[in-house]
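What follows is the residue order along each chain.
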Amino acid sequence: MDENQKLQFIKANFWKKVKETGKKIPFVKDLIAMYYCLLDEKTSLTAKASIAFALLYFISPVDAIPDIILALGYTDDAGVIASTLLLIKSQLKTEHYEKANQALSEDKEK
């Protein structure tokens, strides 16, 4: 899968996965901010690659710990997201979090 295919897969599946899991995971705002950082043309290619990996891991039904296992299912996803946040923190901007907050508040209104 090339970079363009990965990006298209993420765009096609990200919001569905967030809607399915959003209330179960405490890191949903960080996840959405990372998504907007990935789409930002000012984000470096290395940061985009790290974000793409993390989002693909989150979206993928194949995990180290299956998501259907209560209480533990998203701990591996949280680890991947937390590690990626540390790697890309200089690329993650206030505007990405503002867009994440907006997306979350729009979802609550529905």
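Residues numbered from 1 in each chain as written. Predicted model: local features only at pLDDT ≥ 70, side-chain atom pairs only at ≥ 80, totals over all residues. Heavy atoms only, no water.

(A) A look at the overall build of the protein. From N to C terminus, the protein includes five helices and zero strands. Along the protein, from the amino end to the carboxyl end, the secondary structure elements read α-α-α-α-α. Expressed as a percentage of the 110 residues in the protein, the buried residues total 40%. Considering only contacts in the protein between residues 6 or more positions apart, those separated by 24 or more positions represent 64%. As displayed, the protein offers around 6800 Å² of accessible surface, 59% of which is attributable to carbon and sulfur atoms. (Helix = DSSP H or I, 4+ residues; strand = E, 2+ residues; numbered from the N terminus. Buried < 20%, exposed > 50% of the residue type's maximum accessible area, 1.4 Å probe, protein only. Contact = heavy atoms within 4.5 Å. Areas by Shrake-Rupley, 256 points an atom, 1.4 Å probe, with all protein chains shown as cover.)

(B) Structural detail: the pattern of salt bridges. Evaluated as defined, the whole model comprises three salt bridges. Two residues, Lys 6 and Glu 3, come together in a salt bridge whose shortest N-O distance is 3.4 Å. With Lys 6 and Glu 3 both in helix 1 (residues 3-21), this residue pair falls three residues apart, about one helical turn. Judged by its relative accessible area of 23%, Lys 6 is partly exposed. (Salt bridge = Lys/Arg side-chain N within 4 Å of Asp/Glu carboxyl O.)

(C) How the structure looks around the packing of aromatic side chains. Counted according to the given criterion, the structure contains six aromatic pairs. Ring geometry for Trp 15 against Tyr 35: centres 5.4 Å apart, planes inclined by 75°, an arrangement best described as edge-to-face. On the criterion of sequence distance, the pair formed by Trp 15 in helix 1 and Tyr 35 in helix 2 (residues 28-39) is long-range, its members being 20 residues apart. Here Tyr 35 and Tyr 36 contribute two aromatic rings whose centre-to-centre distance is 5.6 Å and whose plane-to-plane angle is 70°, an arrangement assigned as edge-to-face. What makes Tyr 35 buried here is its relative accessible area of 7%. Taken together through their ring pairs, the aromatic side chains of Phe 14, Trp 15, Tyr 35 and Tyr 36 make up a single cluster. Here Lys 17 stacks its cationic end above the ring of Phe 58, 5.7 Å away from the centre of that ring. (Phe/Tyr/Trp six-rings, centres within 6.5 Å; stacked < 30°, edge-to-face > 60°. Lys NZ or Arg CZ within 6 Å of the ring centre and 35° of its normal.)

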